[in-house]
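Coordinates in review
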Amino acid sequence: MKVKILYFAKIKELVGLDNEIIELPASVLTLEELKNYLILRGAPWSEIFLSNSATRCALNQNLMHSNFNIEAGSQIAFFPPITGG
């Protein structure tokens, strides 16, 4: 399934992207599984999602917990807990 991922603030700086569209394997069904999938890319994704700092997630512009299911065409945003304007 294809999803659009948006990166904000410090995460955007670290990955060097503000967004990307990716095809997820069938085994990736939740936000937590998506994080684990991105970790497999290595640095900087592994540094972001394996670090002790919290990363917030929004699914289709709604804040979500990591165990929430992803659907095809979803828009997922990752951002630090505190962002500036």
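Structure: see above.
So, here's what we can say about the structure. This is a predicted model, so every value here is computed, not measured. (Residues numbered from 1 in each chain as written. Predicted model: local features only at pLDDT ≥ 70, side-chain atom pairs only at ≥ 80, totals over all residues. Heavy atoms only, no water.)

**So, the sheet that holds strand 2 (residues 19-23)**
Selection rule: Strands were regarded as paired on the criterion that DSSP finds at least two bridges between them. Counting from the N terminus, the helices are the DSSP runs of H or I reaching at least four residues and the strands are the DSSP runs of E reaching at least two. In this description, a line fitted to the C-alpha atoms serves as the axis of each element, helices being fitted only across the stretch in contact, and the angle between N-to-C directions of two axes falls anywhere from 0 to 180 degrees. In what follows, residue pairs with any heavy atoms lying within 4.5 Å of each other are defined as contacts.
What the 5 strands build is an open sheet, ordered 2-1-5-3-4; its pairing is mixed. For this open sheet the edge positions go to strand 2 and strand 4 (62-64), each flanked by a neighbour on one side alone. When strand polarity is set aside, the average angle formed by the axes of neighbouring strands in this sheet is 30°. Bridging between strand 1 (residues 2-7) and strand 5 (residues 75-79) involves 4 bridges; their strand directions are parallel. For Lys4, the partnering residue across the bridge sits in strand 5 and is Gln75. Where helix 2 (residues 31-39) meets the sheet, it contacts strand 1, strand 2, strand 3 (56-59), strand 4 and strand 5, and its direction lies at approximately 65° from that of strand 5.

**Overview of the side chain of Glu20**
Rules: Counted as a polar contact is a pair of N or O atoms within 3.5 Å, where, for protein atoms, one must be capable of donating a hydrogen and the other of accepting one, and residues adjacent in sequence contribute only when both atoms are in side chains.
Relative to the assigned elements, Glu20 resides in strand 2. At 2.7 Å, the side chain of Glu20 and the side chain of Arg41 are in polar contact. Glu20 has contacts with Val3, Lys4, Ile5, Tyr7, Arg41 and Trp45, leaving out every residue within four places of it along the chain.

**Structural notes on unusual backbone geometry**
Cis geometry is adopted by the peptide bond preceding Pro44, which originates at Ala43 and carries an omega value of 5°. If you trace the backbone, Pro44 turns up in the loop between helix 2 and helix 3 (45-50). At Ala9, a residue that is not glycine, the phi angle is positive and equals roughly 55°. The phi dihedral of Asn60 falls on the positive side, at around 50°, and the residue is not glycine. Of note, Asn60 is situated in the loop between strand 3 and strand 4.

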